[in-house]
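For reference, the chains in residue letters:
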Amino acid sequence: MLGKTAGGLFWMFRYLERSENTARLIEAGFRIALTRPDAAKDEWASVVETAGVRTAFLERHDDFDGASVIDFLLRDKANSSSVLSAIETARNNARLVRTALTREVWEAVNESWMVLKEALRRPVREADLPGILGLIRRQSALVRGALHGTMLRNDIFDFARIGTFLERADNTARILDVKYYVLLPSISQIGSSLDNVQWETILRSVAGQRSYRWLNGTDITPRGIAEFLVLDGRMPRSLAFCVSKLSGNLSYLKKQYGHDYACVELVEKLGAELSETSIEGVFETGLHEFLTDFLRDNAALGAQIEQDFRFYG
Amino acid sequence: MDDSARFFDELRKHDGTPRRPYEEFCGWFSNEDIKRLKTKSREAETFFRRTGITFNVYGQAEADERLIPFDIVPRIISEREWARLTKGIEQRVRAINAFLYDIYHRQEILRAGRIPQELISENDAFLPQMIGVAPPGNVYTHIVGVDLVRTGEDEFFVLEDNARTPSGVSYMLENRETMLQMFPELFSKIKVQEVSNYPTRLRRSLSACPPSKTEGAPVVAVLTPGIHNSAYFEHSFLADHMGAELVEGHDLRVIDGRIAMRTTRGYRPIDVLYRRVDDDYLDPLTFNPDSLLGVPGIMDVYRSGGITIANAPGTGIADDKAIYSYMPDIIEFYTGEKAILQNVPTWRCGDPDSLAYVLDNLDELVVKEVHGSGGYGMLVGPAASKRELAKFRAKLMAKPSNYIAQPTLALSTVPILAKEGLSPRHVDLRPFVLVSPDKIDITPGGLTRVALKKGSLVVNSSQGGGTKDTWVLGE
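Residues numbered from 1 in each chain as written. Chains lettered and ligands numbered in written order. Predicted model: local features only at pLDDT ≥ 70, side-chain atom pairs only at ≥ 80, totals over all residues. Heavy atoms only, no water.

**Overview of the overall build of chain B**
Alright, step 1. Counting its secondary structure elements, chain B contains 16 helices and 23 strands.
Alright, step 2. Here the C-alpha atoms of chain B give a radius of gyration of 23 Å, agreeing with the 23 Å that 2.2 N^0.38 yields for 475 residues.
Alright, step 3. Along the longest, intermediate and shortest principal axes, the C-alpha atoms of chain B span 65 × 55 × 50 Å.
Alright, step 4. Across chain B, the fraction of contacts at a sequence separation of at least 24, relative to all contacts at a separation of at least 6, is 69%.
Alright, step 5. Put simply, chain B shows about 19800 Å² of open surface, and 50% of that area lies on carbon and sulfur atoms. (Helix = DSSP H or I, 4+ residues; strand = E, 2+ residues; numbered from the N terminus. Rg over C-alpha atoms; globule rule 2.2 N^0.38 Å. Contact = heavy atoms within 4.5 Å. Areas by Shrake-Rupley, 256 points an atom, 1.4 Å probe, with all protein chains shown as cover.)

Here's what the structure looks like:
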């Protein structure tokens with residue numbers, strides 16, 4: 001496979017994942033804005049922070065009001081992480097790697113782009129927002145379904161999955177990091193209604209409310225949430241889950257190519273660290289410090305993958 | 001008022017009954033509900049969009065992707081008509097390859113005085129770098145698209161030879177695919193020759209010309225300028241269906257006298273490069289130094305037998321519009337036979353007598369730029385306004401040698417499904433020809449382009465043309 005093709009697949013799936021994650025962030029922020037109007041502005045600010053686009057946002061807007069944030073995250077072409085930019089970048093990468101995709105996958109991503117471009121042609125009215133956010137999630141599921149149902153399990157599939165999980169791990173870690181203060185046992189007042197809403201928001205933004213309840217009943221605690229999203233290998237958006245998937249796909253590549261890679265070492269080290277850690281240990285280190293380290297290692301892993309498989313040269 | 005007397009309609013005879021190749025189709029059509037067909041027609045458009053069969057338009061805001069409109073009425077050619085066409089095409093393509101070999105070696109045709117020396121030596125399409133280079137298998141034009149027009153029952157003319165990087169073959173294939181999906185019942189009634197194996201034939205044909213340094217089965221790759229090129233869909237389509245890598249210049253470099261592509265596991269040599277990049281951009285060390293689309297050093301590798309470039313650099317000298325007018329002589333010179341397919345009479349405006357004639361008859365002629373393509377910079381005299389004629393006259397007089405003129409041909413018509421039902425529109429035809437050392441392989445079909453505007457003679461997609469599926473009937 002061409003290095004460029006591997007890189008195109010990687011970025012195509014990173015951006016698809018990003019568009020879905022951004023939609024979920026908006027969904028969670030919107031929920032708070034509806035239920036706790038007085039907390040709305042802070043919540044929108046934290047959504048922008050989580051999406052990693054604070055500087056870009058403040059260049060265009062003075063205030064974290066809902067309409068500006070939603071428009072910036074959904075439609076603004078100046079924001080490379082907006083849903084519209086992300087789906088366009090994903091689709092351009094899909095065109096670049098067209099020969100590595102089945103017709104079904106290509107058509108799914110091309111159709112998503114057409115549908116979302118049309119849906120996001122004009123600013124989205126509040127009344128239409130839930131429908132549009134649902135549409136974004138469904139389109140994303142469509143591409144994923146086509147990928148799973150039709151693609152050969154070879155290196156092409158591995159690079160697609162690696163992009164997905166690297167992006168997802170980054171996203172979950174950032175959601176936790178931006179909200180880390182509400183999860184700190186020492187500061188949060190257990191049982192206060194503000195915190196309950198905040199915690200629920202975290203679960204909502206990773207589509208984890210239902211799974212969390214299955215595991216813990218209605219006992220929503222900061223420790224429980226942190227453990228769920230950092231260490232629980234059954235939760236498909238947890239750090240542990242993403243790293244184990246990355247590790248799996250990278251070791252398939254190692255086996256297929258019959259070669260050792262620096263990125264395999266990195267991911268194994270990251271996996272070992274997570275499996276040896278308990279949630280108590282995480283809080284001892286400091287949740288924020290732990291997440292900062294993780295984000296750094298995750299980014300370094302991405303850079304090493306680019307280099308090991310010659311995405312650019 | 002009625003055009004039917006002036007133009008040959010391929011579907012109906014003068015008495016209104018269908019011509020033989022269209023009889024079964026017309027039988028089917030007369031039982032169809034126009035509304036249902038219209039719905040099908042819209043479905044086809046959705047299908048094309050979803051599949052991404054679009055072309056990019058240069059110089060337009062937002063890098064718009066457009067569809068080439070598709071018309072569902074097929075263009076049907078009988079087996080007998082096709083047999084005659086293929087004979088003529090084969091003869092012509094053989095002559096083109098012989099001409100290219102000669103022009104880059106001994107130049108016998110110039111010594112014999114059959115074409116003027118300066119037409120070659122002063123032509124930008126002639127590449128001195130190719131002098132004395134024998135391409136693998138002596139094949140210059142691996143892929144040729146011959147543009148044909150029809151003016152009567154037995155009258156076909158070659159309008160243009162496309163010997164550089166002819167495009168449009170993906171439309172031939174996808175048009176058929178669309179028709180098969182929409183009207184399967186038609187294909188069980190009517191025996192239409194298959195076109196879908198074109199990519200396999202292309203791969204076979206390219207693999208039959210490996211360079212001398214090939215080891216094992218030839219590795220084939222398609223070189224594209226990238227996703228912003230107007231024909232990118234076609235490049236990826238062909239690579240996909242041939243099972244070849246789709247590469248860009250920056251994926252390639254010269255290693256140990258070979259062209260190698262950067263893979264996830266290191267650099268791997270390529271044997272045959274089907275390039276969809278123009279000569280000028282192929283090698284910044286040899287041609288345009290600013291080109292980022294090509295591969296620095298590829299010409300040296302080519303000359304030393306490290307790679308096959310398809311089509312060979314320098315083939316443009318064979319499809320130049322000024323050379324075109326000499327094609328009957330060229331065919332006769334190399335094959336010893338009269339040309340089977342006619343050339344359109346052509347006035348070279350660089351010649352003072354011809355120029356005078358062209359200026360006197362501008363409103364009846366079609367005038368084209370020698371190096372133009374895509375229907376740009378072209379004058380269709382009978383359709384032009386007084387102002388347009390005057391403007392073009394000035395351009396023509398400023399640089400006569402830049403133009404050729406031809407009579408306005410009475411292009412045949414095939415109906416399209418218009419608002420009111422079937423309505424005749426002018427068409428041309430581009431069959432695709434594959435050349436390998438042992439064989440000239442013509443896929444039975446081609447790209448039929450149709451001028452969608454009533455009365456228009458310009459079929460180019462950039463000028464509002466559409467396409468049709470082209471059927472060659474089998475026994």
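There's more to say after this.
**A few points about the nonpolar core**
All names here are of chain A.
Alright, step 1. By size, the foremost hydrophobic cluster in this structure holds 104 residues, and its most contacted members are Met12, Trp44, Leu74, Phe159, Ile225, Leu250 and Phe309.
Alright, step 2. For this core, the two domains that each supply at least three residues are domain 1 (1–151) and domain 2 (163–313).
Alright, step 3. In contact with isoleucine 225, not counting residues within four places along its chain, are Leu183, Trp199, Ile202, Leu203, Tyr212 and Ile220. (Core = buried A, V, L, I, M, F, W, Y, C linked by side-chain atoms within 4.5 Å. Buried < 20%, exposed > 50% of the residue type's maximum accessible area, 1.4 Å probe, protein only. Domains from an automatic or database assignment.)

**Quick look at unusual backbone geometry**
Residue and element names in this part refer to chain B.
Alright, step 1. Cis rather than trans, the peptide bond between alanine 310 and asparagine 311 has omega equal to -10 degrees.
Alright, step 2. By secondary structure assignment, the location of asparagine 311 is in the loop between strand S12 (308–310) and helix H12 (316–319).
Alright, step 3. The backbone of glutamine 107 sits at a positive phi, close to 55 degrees, despite the residue not being glycine.
Alright, step 4. Note that glutamine 107 resides in the loop between helix H3 (79–103) and helix H4 (108–111).

**Topic: the domain arrangement of chain B**
Alright, step 1. Partitioning chain B into structural domains gives domain 1 (212–306) and domain 2 (345–408).
Alright, step 2. The centre of domain 1 of chain B, based on its C-alpha atoms, is set 38 Å off from the matching centre of domain 2 of chain B.

**Quick notes on the pairing of strand S20 (residues 432–436) of chain B**
Residues and elements named next belong to chain B.
Alright, step 1. Burial runs high along S20: five of the five residues are buried.
Alright, step 2. Burial along S20 is two-sided: the face carrying Phe432, Leu434 and Ser436 and the face carrying Val433 and Val435 are both buried.
Alright, step 3. Sheet topology places strand S4 (residues 143–152) next to S20; three bridges connect them, and they run antiparallel. Residue pairing for S20: isoleucine 143 is matched across the bridge by leucine 434.
Alright, step 4. Two elements, S20 and strand S21 (residues 439–442), share four bridges in a ladder whose sense is antiparallel. Bridge pairing in S21 places valine 435 opposite isoleucine 440.
Alright, step 5. Between S20 and the antiparallel strand that follows it, S21, lie two residues. (Pairing = 2+ DSSP bridges.)

**A few points about the pattern of salt bridges**
Residue and element names in this part refer to chain A.
Alright, step 1. Scanning all chains against the criterion turns up 55 salt bridges over all chains.
Alright, step 2. Of the charged contacts, one joins arginine 144 and glutamate 20 as a salt bridge, the two residues approaching to 3.1 Å between their closest N and O atoms. Of this pair, arginine 144 sits in helix H7 (residues 129–150) while glutamate 20 sits in helix H1 (residues 3–35), and the two are 124 residues apart along the sequence.
Alright, step 3. Its relative accessible area of 1% is what places glutamate 20 among the buried residues. (Salt bridge = Lys/Arg side-chain N within 4 Å of Asp/Glu carboxyl O.)

**Some words on the packing of helix H5 (residues 83–96) of chain A against helix H6 (residues 103–119) of chain A**
All names here are of chain A.
Alright, step 1. Direction vectors running N to C along H5 and H6 enclose 150 degrees, while the axes themselves pass 10 Å from each other. On the basis of the axis angle, H5 is roughly antiparallel to H6. In the crossing of H5 with H6, the sense of the turn from one axis to the other is left-handed. In this structure, H5 contributes Leu84, Ile87, Glu88, Arg91, Ala94 and Arg95 to the contact, and H6 contributes Trp106, Val109, Asn110, Ser112, Trp113, Leu116 and Lys117.
Alright, step 2. The residue makeup of the contact of H5 with H6, split by class, is seven nonpolar, two polar and four charged. (Axes fitted to C-alpha atoms, helices over the stretch in contact; angles between N-to-C directions. Parallel < 35°, antiparallel > 145°, perpendicular 65-115°, else oblique. Left-handed = near helix turned anticlockwise from the far one by under 90°. Nonpolar A, V, L, I, M, F, W, Y, C, P; charged D, E, K, R; others polar.)

**Digging into the domain arrangement of chain A**
All names here are of chain A.
Alright, step 1. Under the domain assignment, chain A is made up of domain 1 (1–151) and domain 2 (163–313).
Alright, step 2. Computed from C-alpha atoms alone, the centre-to-centre distance between domain 1 and domain 2 is 21 Å.
Alright, step 3. The partner domain 2 presents 26 residues to the 26 residues of domain 1 that form the contact.
Alright, step 4. With both sides pooled, the region where domain 1 packs onto domain 2 buries about 2300 Å², and carbon together with sulfur makes up 56% of that total. (Buried area = accessible area lost by both parts, 1.4 Å probe.)

**Brief notes about the interface of chain B and chain A**
Many authors give the size of an interface as the accessible area that is lost as the parts come together.
Alright, step 1. Listed per partner, the contact involves 27 residues of chain B and 29 residues of chain A.
Alright, step 2. At the boundary of chain B with chain A, total buried surface from both sides reaches about 2400 Å², with 46% on carbon and sulfur atoms.
Alright, step 3. If you sort the residues of chain B by the area they bury against chain A, Arg50(B), Arg262(B) and Thr264(B) come out on top, with a joint share of 30%.
Alright, step 4. One salt bridge connects Glu107(A) with Arg50(B), and the closest N-O pair in it is separated by 3.5 Å.
Alright, step 5. Our count for the chain B to chain A interface comes out at 13 residue pairs in polar contact (both at pLDDT 80 or more).
Alright, step 6. At the level of elements, helix H2 (34–51), helix H9 (232–242), strand S7 (245–247) and strand S9 (258–263) of chain B are the ones that each hand at least two residues to the side of chain B that touches chain A.
Alright, step 7. Among the elements that make up the side of chain B that touches chain A, the one with the highest residue count is H9(B) (five residues).
Alright, step 8. Partitioning the side of chain B that touches chain A into residue classes produces eight nonpolar, eight polar and eleven charged. (Polar contact = N/O pair within 3.5 Å; in protein donor to acceptor, adjacent residues only side chain to side chain.)

**Focus on the environment of Ile162(A)**
All names here are of chain A.
Alright, step 1. Along the polypeptide, isoleucine 162 turns up in helix H8 (residues 155–178).
Alright, step 2. Considered as a pair, isoleucine 162 and leucine 246 are 84 residues apart in the sequence and their alpha carbons are 5.6 Å apart.
Alright, step 3. Residues within four places of isoleucine 162 in sequence aside, it is in contact with Phe10, Leu246, Asn249, Leu250, Leu253 and Ile305.

**A few points about the side chain of Thr164(A)**
Residue and element names in this part refer to chain A.
Alright, step 1. With respect to the helices, strands and loops of the structure, threonine 164 is situated in helix H8.
Alright, step 2. In this structure threonine 164 comes out as buried when scored by relative accessible area, which is 4%.
Alright, step 3. If sequence neighbours within four positions are ignored, threonine 164 has contacts with Phe13, Arg14 and Glu17.

**Some remarks on the environment of Gln209(A)**
All names here are of chain A.
Alright, step 1. Note that glutamine 209 resides in helix H11 (residues 209–216).
Alright, step 2. Considering only alpha carbons, one finds glutamine 209 and tryptophan 199, ten residues apart in sequence, at a separation of 9.8 Å.
Alright, step 3. When neighbours within four sequence positions are excluded, glutamine 209 is seen to be in contact with Leu203 and Arg204.

**What to know about the packing of aromatic side chains**
All names here are of chain A.
Alright, step 1. Scanning all chains against the criterion turns up 27 aromatic pairs over all chains.
Alright, step 2. Residues tryptophan 11 and tyrosine 15 carry aromatic rings whose centres are separated by 5.9 Å and whose planes lie at 40 degrees to one another, so their mutual orientation is tilted. Remark: tyrosine 15 and tryptophan 11 occur in helix H1; sequence separation between them is four residues, near one turn of the helix.
Alright, step 3. For tryptophan 11, a relative accessible area of 21% corresponds to the partly exposed category.
Alright, step 4. By way of ring pairs, the aromatic residues Phe10, Trp11, Tyr15, Phe159, Tyr257, Tyr261, Phe309, Phe311 and Tyr312 are connected into one cluster. (Phe/Tyr/Trp six-rings, centres within 6.5 Å; stacked < 30°, edge-to-face > 60°.)

**Overview of the packing of H1(A) against helix H4 (residues 66–74) of chain A**
Residue and element names in this part refer to chain A.
Alright, step 1. Interhelical geometry of H1 versus H4 gives an angle of 170 degrees and a closest axis separation of 10 Å. Between H1 and H4, the crossing angle belongs to the class labelled roughly antiparallel. Taken together, the residues of H4 that come into contact with H1 (itself represented by Thr22, Ile26 and Phe30) are Ile70, Leu73 and Leu74.

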